[in-house]
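# Structural overview for review
For reference, the chains in residue letters:
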Amino acid sequence: MTRIRLADPGAVAARWRAEALAGMAKIAESGAFVGGPAVAEAERLAATILGRRGAVGVASGTDALAIALQAAGLRPGELVVVPALTFFATVGAVHLAGGVPYVVDVDDRGLLDPDEAAKAFEEGARFAVPVHLFGNRVATLPGGATLVHDLAQMAGAPPFADVAIGGLSAYPTKVWPAPGDGGFVVGDDLDALQRARHLGSHGHVGSHHHHRVGDHIGRNSRLDALAAAWLTAAADHLPDLVRRRQAIAATYDAALAPSLGTLVRDVGNPVPVYVVLAQGRFERDRLAAHLDACGVDVGPLYPMPLHAQPALAGRCRASATPRAEALCPRWLAVPCHPGLRDDEVGRVADALSSFPRPR
Ligand SMILES: Cc1ncc(COP(=O)(O)O)c(C=O)c1O
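Cut-offs applied
Residues numbered from 1 in each chain as written. Predicted model: local features only at pLDDT ≥ 70, side-chain atom pairs only at ≥ 80, totals over all residues. Helix = DSSP H or I, 4+ residues; strand = E, 2+ residues; numbered from the N terminus. Buried ≥ 20, exposed ≤ 12 C-beta atoms within 10 Å, placed from the backbone. Contact = placed C-beta atoms within 7 Å. Near = placed C-beta within 6 Å. Nonpolar A, V, L, I, M, F, W, Y, C, P; charged D, E, K, R; others polar. Axes fitted to C-alpha atoms, helices over the stretch in contact; angles between N-to-C directions. Parallel < 35°, antiparallel > 145°, perpendicular 65-115°, else oblique. Left-handed = near helix turned anticlockwise from the far one by under 90°. Core = buried A, V, L, I, M, F, W, Y, C linked by C-beta atoms within 7 Å. Pairing = 2+ DSSP bridges. Domains from an automatic or database assignment.

## With respect to the overall build of the chain
The secondary structure content of the chain amounts to 12 helices and 13 strands. The buried share of the chain, taken over its 359 residues, is 50%. If you take every contact in the chain between residues at least 6 apart in sequence, the share linking residues at least 24 apart comes to 68%.

In structure tokens form, the structure reads like this:
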């Protein structure tokens, strides 16, 4: 029995590989490996896909967030409100930008809770990173803080208002995937995006190395022209990729055994991850073993609230996070990507429906 993989970026990219390689060959011939029209086109597409006024290509989604935080004016030592459940990169980026994460609780879909954020703002936090997790949009947060949106998982989602600045990941398993690491600072604040462009290029102001450095020390973080050509070829397929993910998710929704659930998805959610909810840690582990026996690979999701991660011990502030603690032992990711064949989708659905009821 062949195993069904959680992610299969090679199979997904079969749709546009030939066209992408032709674009990459042209760049290799021209020698324009850094910047140039290929990157400009990928940036235009990133802005369009997220419904924003602009985008700046950078080396990863993590860098996109760190640079966006700096471009938004974060100063060393400032508190940045983050949700207790997200990929570690969100807080990694806060540290990279010199901030101190303030970890607060989430709602029942794992999204930053506006009331908890409000309390942190009252305690003096002036920045927050709403993480639009699993393609779902965070509810509007109270005013009083600068927001830097973690849009890492939001390619293909319906655009929404008021995103001055944020970061998108183009990691190969994402909905709009690069052939390696890559990301974009995206947003509607064109001045902040211009600062982000300088910050990703050593803080240089001007078009060439050795020009004047602005008022920030930046880093080298740019989207590769080769990756940009690949992303441009992939962009044509995005609506199709999203529809396929949504169709697979609908099949799983209908198949779930009675003791299983899934996170409620927003209308138009592009399903970057399909999350199965079990009744508790024991049931989740039993489900993982059942899927394994059926030949289905699973992904353990964020295993603990962020502030319980050893690397953050003594390096963040945190409030009580009972909802995060209740959610993270229950969830599990199952394969839901456009590289799956119909028979593989059927096998995953069968495995989800045949999960034996709790004893
Ligand atoms: C929620 C979230 N934030 C940040 C990142 C970081 O993106 P990257 O892996 O491109 O650095 C990811 C990527 O997996 C993510 O899912």
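## Focus on the site of the ligand
Looking at the ligand, there are 15 residues lining it, with Gly 61, Thr 62, Ala 89, Ala 152 and Ser 169 nearest. Those elements giving two or more residues to the shell around the ligand turn out to be helix H4 (61-71) and helix H5 (89-96). Among the residues forming the shell around the ligand, the class breakdown is 5 nonpolar, 8 polar and 2 charged.

## A few points about the packing of helix H9 (residues 238-255) against helix H12 (residues 342-353)
Remark: H9 packs on H12, axes separated minimally by 8 Å, with the N-to-C direction vectors making an angle of 25°. Comparing their axes, H12 and H9 come out roughly parallel. The way H9 lies across H12 gives a crossing that is right-handed. Only Val 345, Val 348, Ala 349, Leu 352 and Ser 353 of H12 make contact with H9, whose side of the interface consists of Ile 248, Thr 251, Tyr 252 and Ala 255. Taken together, the residues of the contact of H9 with H12 sort by class into 7 nonpolar, 2 polar and no charged.

## Side note on the nonpolar core
Membership of the largest hydrophobic core comes to 117 residues, with the highest contact counts inside it found for Ala 68, Leu 69, Val 80, Leu 168, Val 185 and Leu 231. The leading source of residues in this core is helix H8 (residues 225-235), at 9 residues. Those residues in contact with Leu 69 that sit more than four places away from it in its chain are Leu 74, Val 80, Ala 93, Val 94, Ala 97, Gly 99, Phe 127 and Val 148.

## With respect to the environment of Ala 118
Among the secondary structure elements, Ala 118 is positioned in helix H6 (residues 114-122). For Ala 118, a count of 17 C-beta atoms within 10 Å puts it in the partly exposed group. Sequence spacing of Ala 118 and Leu 190 is 72 residues, and the spatial spacing of their C-alpha atoms is 27 Å.

## Examining the sheet that holds strand S6 (residues 149-150)
Paired through backbone hydrogen bonds, the strands of a sheet run either parallel or antiparallel to each other. Strand order in the open sheet made by the 4 strands is S1-S8-S7-S6, with mixed pairing throughout. Of all strands in the sheet, those with a lone pairing partner are strand S1 (54-58) and S6, marking the two edges. One ladder, built from 2 bridges, connects S6 with strand S7 (residues 166-169); its direction is parallel. Residue pairing in the sheet places Asp 150 in a bridge with Gly 167 of S7. Lying on the sheet, helix H3 (residues 37-50) is in contact with S1, S7 and strand S8 (183-187); it crosses S1 at an angle near 125°.

## Comments concerning the domain arrangement of the chain
Segmentation of the chain into domains returns domain 1 (9-235) and domain 2 (238-353). Using only C-alpha atoms to locate each centre, domain 1 and domain 2 end up separated by 24 Å. Taken together, the contact between domain 1 and domain 2 spans 38 residues of the former and 35 residues of the latter. Those elements that provide at least two residues to the side of domain 1 that touches domain 2 are helix H1 (9-12), strand S2 (79-83), strand S3 (100-104) and H6. Here the side of domain 1 that touches domain 2 takes 5 residues from S3, the largest share from any one element. Residue composition of the side of domain 1 that touches domain 2, grouped by class: 24 nonpolar, 6 polar and 8 charged.

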